[in-house]
Amino acid sequence: MIRNLQALRFVFIMLVVMSHIIGKSFDFGGECGVSFFFMLSGFVLSYAYGEKVRAKTFGHFWFIKKQLSKFYPLHVLLFLIMIVLDARLGRFFSWDKLVANLLLLQSWVPSDDFYFVGNGLSWFLSDLMFFYVVFPITFMMLMSASLRRLMVGAIVILVLYASLAISIPESLINPLLYAAPWTRLLDFFLGILLFRLYTSEDYSTFCSWLSRQSSVMLTILELVFLFVVVASFFVYEASSLRFRCAALFWFVLPPVLCFFVASDRYAGGVTKLLHTSLMQWLGSISMEIYLTHYVFMRCLYSILAPLGVDGETRLYPSVLLLTVVLIIIVAYLTKRYFVVPIYSQLVKNK
């Protein structure tokens, strides 16, 4: 396990959480976090299963069953809870939207009306399922292609993507550029290509250079790469929605991921922090934080509303801290008492 990546899961999932707490003025958090996790998925799957795919010993059906076992039961539970909460407010949805969301097919329908039925965050799972299905073939394609073919393919894809981004109406920007599996597959591709770089001689040379640096220099480099993410916020704010919702992060996140994978072996100050037991534990419940936080926030804010907690007071430090702490506690309890027992039962027989 690459411990820096484990801890960074929590860092970027908190960007997503904060985007939902703060609202539209911090859409950056959600869009940056989603891009990170799509790229991370490509890298981590390649890191964990790449050799089996090459050796043709990769059990694709078992793999998909294993991945589904981690989140699908929780997805169904949260879906039902949200449907009940919506029904209490007199909000009902057509059967096609309900079925699409329950079966994690909603992100294939280019309409915002399909995404936010039940636990609206599950559109992310819809994309992930597509990535899991195509992983073996995309891994082999990207790992075996020559550098020249990769460059030509990248140019063609960028031209086609730019043409799409420029030409579609504004109402389709979110459905087609932000949520559609076939466009977000590009983020997943980048994760696999990062693994290809990770296994190259050039990357080994870079790691060798890092090993000769002092802890002070490593810390400075770590802070520089973190600053790249922070600086991208200002680029995001000044950019067109057609660029910033996805493409911006193709240029920002890959070097950050590359660096923190390499620095995992060394003793920079940020790496030391990421390697602490607390950060590793927080990273281990990142999926549960993601899936449960929106449902929990809806329940929490309905309880706090009679006490005068509204959209503005939710950002008071005390309320914000309480919200984050409770989200973490709920995620931990959900994983321990719901996700892990079900997962153990479903995958105990390989």
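Residues numbered from 1 in each chain as written. Predicted model: local features only at pLDDT ≥ 70, side-chain atom pairs only at ≥ 80, totals over all residues. Heavy atoms only, no water.

## Observations concerning the overall build of the protein chain
Our working definition: Numbered from the N terminus, helices here are DSSP runs of H or I no shorter than four residues, and strands are runs of E no shorter than two. For the radius of gyration, the atom set is restricted to C-alpha positions; the globular benchmark scales as 2.2 Å times the number of residues to the power 0.38. For the exposure calls, accessible area comes from a 1.4 Å probe over protein chains only, and a residue counts as buried if that area is under 20% of its type's maximum, exposed if over 50%, partly exposed in between.
When its secondary structure is counted, the protein chain shows 17 helices and zero strands. Radius of gyration (C-alpha) of the protein chain: 21 Å, near the 20 Å computed for a compact globule of 350 residues. For the C-alpha atoms alone, the extent of the protein chain along its principal axes is close to 60 × 50 × 45 Å. Burial analysis of the protein chain (350 residues in total) assigns 49% to the buried set.

## Side note on the pattern of salt bridges
Opposite charge on two side chains allows them to pair when their charged atoms are near. Note the following rule: One side-chain nitrogen of Lys or Arg within 4 Å of one carboxyl oxygen of Asp or Glu is enough to make a salt bridge.
Under the definition given, this model contains five salt bridges. Glu-51 is the salt-bridge partner of Arg-54, the closest N and O atoms lying 2.9 Å from each other. Here the residue Arg-54 and the residue Glu-51 both occupy positions in helix H2 (residues 27-55), the gap between them amounting to three residues, near one helical turn. When its relative accessible area of 37% is taken as the criterion, Arg-54 is described as partly exposed.

## Side note on the state of the cysteines
Operational definition: We call a pair of cysteine sulfur atoms a disulfide when they lie within 2.5 Å.
Summed over the entire model, instances satisfying the criterion amount to zero disulfides. Of all cysteine sulfurs, the one in Cys-258 lies closest to Cys-207, which takes part in no disulfide; the gap is 9.6 Å. Of the residues examined, Cys-207 reaches a relative accessible area of 3% and is grouped as buried. The thiol of Cys-245 is not disulfide-bonded; the next cysteine sulfur, from Cys-32, is found 13 Å away. Using a relative accessible area of 2% as the deciding quantity, one classes Cys-245 as buried.

## Regarding helix H11 (residues 215-238)
Spelled out, the test is: Here the expected span of a helix is defined as 1.5 Å times the quantity of residues minus one. Residue contacts are counted whenever heavy atoms from the two residues lie within 4.5 Å of one another.
Between its first and last C-alpha, H11 extends 35 Å over 24 residues, near the 34 Å set by a 1.5 Å rise per residue. Looking at the packing, one finds that the buried side of H11 touches helix H1 (3-22), H2, helix H10 (201-211), helix H12 (241-244), helix H13 (248-262) and helix H14 (269-274).

## A short note on the side chain of Thr-313
Put simply, the rule reads: Polar contact criterion, stated in full: a pair of N or O atoms within 3.5 Å, where within protein one must be able to donate a hydrogen and the other to accept it, and residues adjacent in sequence count only if both atoms are side-chain atoms.
Position of Thr-313 relative to the elements: it lies in the loop between helix H16 (286-304) and helix H17 (317-347). Overall, the relative accessible area of 13% leaves Thr-313 in the buried class. A polar atom in the side chain of Thr-313 sits 3.5 Å from the backbone oxygen of Gly-308. In contact with Thr-313, other than residues within four places in its own chain, are Gly-308 and Val-319.

## Considering the nonpolar core
The criterion, for reference: To define a nonpolar core, start from buried Ala, Val, Leu, Ile, Met, Phe, Trp, Tyr and Cys residues and group those joined through side-chain atoms within 4.5 Å.
Core analysis: the largest hydrophobic core is formed by 114 residues, its most contacted members being Phe-12, Phe-124, Phe-135 and Ile-289. When residues of this core are assigned to their parent elements, the largest contribution, 13 residues, is made by helix H6 (residues 123-144).

## With respect to the packing of aromatic side chains
As a reminder, the rule being used: Within 6.5 Å between ring centres, the rings of Phe, Tyr and Trp (the latter by its six-membered ring) count as paired, and their orientation is classed by plane angle as stacked under 30 degrees, edge-to-face over 60, tilted in between. When the NZ atom of lysine or the CZ atom of arginine is within 6 Å of a ring's centre and also within 35 degrees of its normal, the charge is said to sit over that ring.
Applying the stated criterion across every chain yields a total of 41 aromatic pairs. Here the guanidinium or amino end of Arg-244 rests over the ring plane of Tyr-236, the centre of that ring lying 4.6 Å away. Over the ring of Tyr-301 we find Arg-314; its NZ or CZ atom is 4.0 Å from the centre of that ring.

## A closer look at the packing of H1 against H17
The condition is simple: Only the stretch in contact is used when a helix axis is fitted, and all axes are lines through C-alpha atoms; the angle between N-to-C directions ranges over 0 to 180 degrees. Oblique is the label for every angle not falling under 35 degrees (roughly parallel), over 145 degrees (roughly antiparallel), or within 65 to 115 degrees (roughly perpendicular). Here is the rule for handedness: rotate from the far helix to the near one, and if that takes an anticlockwise turn smaller than a right angle the crossing is left-handed, while a clockwise turn gives right-handed.
Between H1 and H17, the least distance of the axes is 12 Å, while the angle of their chain directions is 125°. Considered as vectors, H1 and H17 are oriented oblique to each other. With respect to the hand of their crossing, H1 and H17 are arranged in right-handed fashion. Residues Phe-10, Met-14, Val-17, Met-18 and Ile-21 of H1 form the contact with H17, whose participating residues are Leu-320, Thr-323, Val-324, Ile-327 and Ile-328.

## What about a nonpolar patch on the surface?
Selection rule: Patch members must show over 30% relative accessible area and no salt bridge, and they are joined within 9 Å when carrying like charges or within 5 Å when they are nonpolar side chains of Val, Leu, Ile, Met, Phe, Trp or Tyr. A 1.4 Å probe and the Shrake-Rupley method give the accessible areas. Residues count as covered only by the protein chains that appear here.
On the surface, a cluster of nonpolar side chains totalling about 690 Å² of accessible area is made up of Trp-95, Val-99, Leu-103, Leu-105, Trp-108 and Trp-182. Take Leu-105: it is sitting in the loop between helix H4 (95-102) and helix H5 (112-115).

## Some points on unusual backbone geometry
At Lys-56, a position not held by glycine, the phi torsion is positive, near 60°. Take Lys-56: it is sitting in the loop between H2 and helix H3 (60-88). Judged by its relative accessible area of 77%, Lys-56 is exposed. In this structure, Leu-104 takes a positive phi of about 60° despite not being glycine. Along the chain, Leu-104 turns up in the loop between H4 and H5.

## Notes on the packing of H3 against H4
Definition in use: Polar here means any residue outside two lists: the nonpolar Ala, Val, Leu, Ile, Met, Phe, Trp, Tyr, Cys and Pro, and the charged Asp, Glu, Lys and Arg; Gly therefore counts as polar.
Running from N to C, H3 and H4 cross one another at 150°; their axes reach a closest spacing of 10 Å. It follows from the interaxial angle that H3 and H4 lie roughly antiparallel. Between H3 and H4, the residues in contact are Tyr-72, His-75, Val-76, Phe-79 and Ile-83 and Leu-98, Asn-101 and Leu-102, respectively. Here the residues of the contact of H3 with H4 sort into six nonpolar, two polar and no charged.

## A closer look at the environment of Pro-306
Positionally, Pro-306 belongs in the loop between H16 and H17. C-alpha separation for the pair Pro-306 and Val-252, spaced 54 residues apart in sequence, amounts to 42 Å.

## As for the side chain of Asn-4
You can see Asn-4 is positioned in helix H1. Given a relative accessible area of 0%, Asn-4 falls into the buried group. If near-sequence neighbours (up to four positions away) are discounted, Asn-4 is found in contact with Phe-260, Ser-263, Asp-264, Thr-271, Leu-274 and His-275.

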